[in-house]
Amino acid sequence: GWFADRSTAKAGERLRDECGIGRDARVLLFAGRMVPFKRPFDVIEAAARCRLQGVAVEVMVAGDGELRSDVEMRAAQLQVPIHMLGFCNQSRMPSVYAASDALVLSSDGNETWGLVANEAIACGRPVVVSTACGCAPDLAGTQAAASYPVGDVSALADVLTAILHKP
């Protein structure tokens, strides 16, 4: 309830304005540390594939870590607009969810659950999780979540395209 109450359309619009994200853009959210097991490059690669399919998608990153500069560089190479928010504490996350169209949890098997998935769902956002995430068996396939095989960027892009065309 705490997340849902604070994840308002106004809060999302305000953050989109701060980031220079247009009203028609679709925003994929990566929320977490930028470390290898979280697989942030998968989100960038999938976003690039979505863009090639005509979906005006951008990536928002709420988090920081050792891969930050590499992630920014890869997004630039693939011409994927990226908005780096840095670390966001709990009080800021509802507006981050509100500004996004879907959360992507691309982690490998080291992700024991993925609490961000619960938070995003509480804020009314769909989640796409890799099959290796601990929450995948419980959340994937529900009305609020979908899954894809970990590391399969093409499958991730297909799931994202479908969700973004039919939110």
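Cut-off values and rules
Residues numbered from 1 in each chain as written. Predicted model: local features only at pLDDT ≥ 70, side-chain atom pairs only at ≥ 80, totals over all residues. Heavy atoms only, no water. Helix = DSSP H or I, 4+ residues; strand = E, 2+ residues; numbered from the N terminus. Rg over C-alpha atoms; globule rule 2.2 N^0.38 Å. Contact = heavy atoms within 4.5 Å. Areas by Shrake-Rupley, 256 points an atom, 1.4 Å probe, with all protein chains shown as cover. Lys, Arg positive; Asp, Glu negative; His and termini not counted. Charge placed at Lys NZ, Arg CZ, Asp CG, Glu CD. Axes fitted to C-alpha atoms, helices over the stretch in contact; angles between N-to-C directions. Parallel < 35°, antiparallel > 145°, perpendicular 65-115°, else oblique. Nonpolar A, V, L, I, M, F, W, Y, C, P; charged D, E, K, R; others polar. Core = buried A, V, L, I, M, F, W, Y, C linked by side-chain atoms within 4.5 Å. Buried < 20%, exposed > 50% of the residue type's maximum accessible area, 1.4 Å probe, protein only. Pairing = 2+ DSSP bridges. Right-handed = clockwise from strand over helix to strand, strands pointing away.

Q: Describe in detail the overall build of the protein, supporting the description with residues and values.
A: Broken down by element type, the protein carries eight helices and six strands. Ordered by position from the N terminus, the helices and strands of the protein form the series α-α-β-α-β-α-β-α-β-α-β-α-β-α. Relative to its length of 167 residues, the protein is compact, with a C-alpha radius of gyration of 14 Å against a globular reference of 15 Å. Sequence-distant contacts, at least 24 apart, represent 67% of the contacts inside the protein between residues at least 6 apart. When the accessible surface of the protein is totalled, it reaches about 7,600 Å², and 50% of it is carbon and sulfur. One way to put it: in the protein the 16 positive side-chain charges average out to a point 5 Å from where the 19 negative ones average out.

Q: An account of the packing of helix α3 (residues 40-52) against helix α4 (residues 68-77) is needed here, citing residue identities and associated values.
A: The geometry of α3 relative to α4 is characterised by a closest axis approach of 10 Å and an angle of 10° between their N-to-C directions. Of the possible angle classes, the one that applies to α3 and α4 is roughly parallel. Mapping the contact onto sequence places Pro 40, Phe 41, Ile 44 and Glu 45 in α3 and Asp 70, Val 71, Arg 74 and Ala 75 in α4. Of the residues contributing to the contact of α3 with α4, the split by class is five nonpolar, no polar and three charged.

Q: Please provide a residue-by-residue account of the nonpolar core, values included.
A: Counting residues in each nonpolar core, the largest one holds 30 residues, and the members touching the most others are Leu 28, Met 34, Val 57, Val 59, Val 128, Leu 156 and Leu 160. In terms of residues, this core owes the most to one element, helix α8 (residues 153-165), which gives eight residues. For Leu 160, the contacting residues outside a window of four places in its chain are Leu 28, Ala 46, Cys 50, Val 104 and Val 128. Grouped together as the second largest cluster of nonpolar side chains are 28 residues, Leu 29, Met 60, Val 96 and Ala 120 included.

Q: Describe the pairing of strand β1 (residues 26-31), and please don't skip the residues or the numbers.
A: Along β1, six of the six residues are buried, which leaves the element largely enclosed by surrounding structure. Because side chains alternate across β1, one face comprises the buried residues Arg 26, Leu 28 and Phe 30, and the other comprises Val 27, Leu 29 and Ala 31, equally buried. The sheet contact formed by β1 and strand β2 (residues 57-62) spans six bridges and is parallel. Its bridge partner lying in β2, Leu 28 is registered against Val 59. This β-α-β element, β1 to α3 to β2, shows right-handed connectivity.

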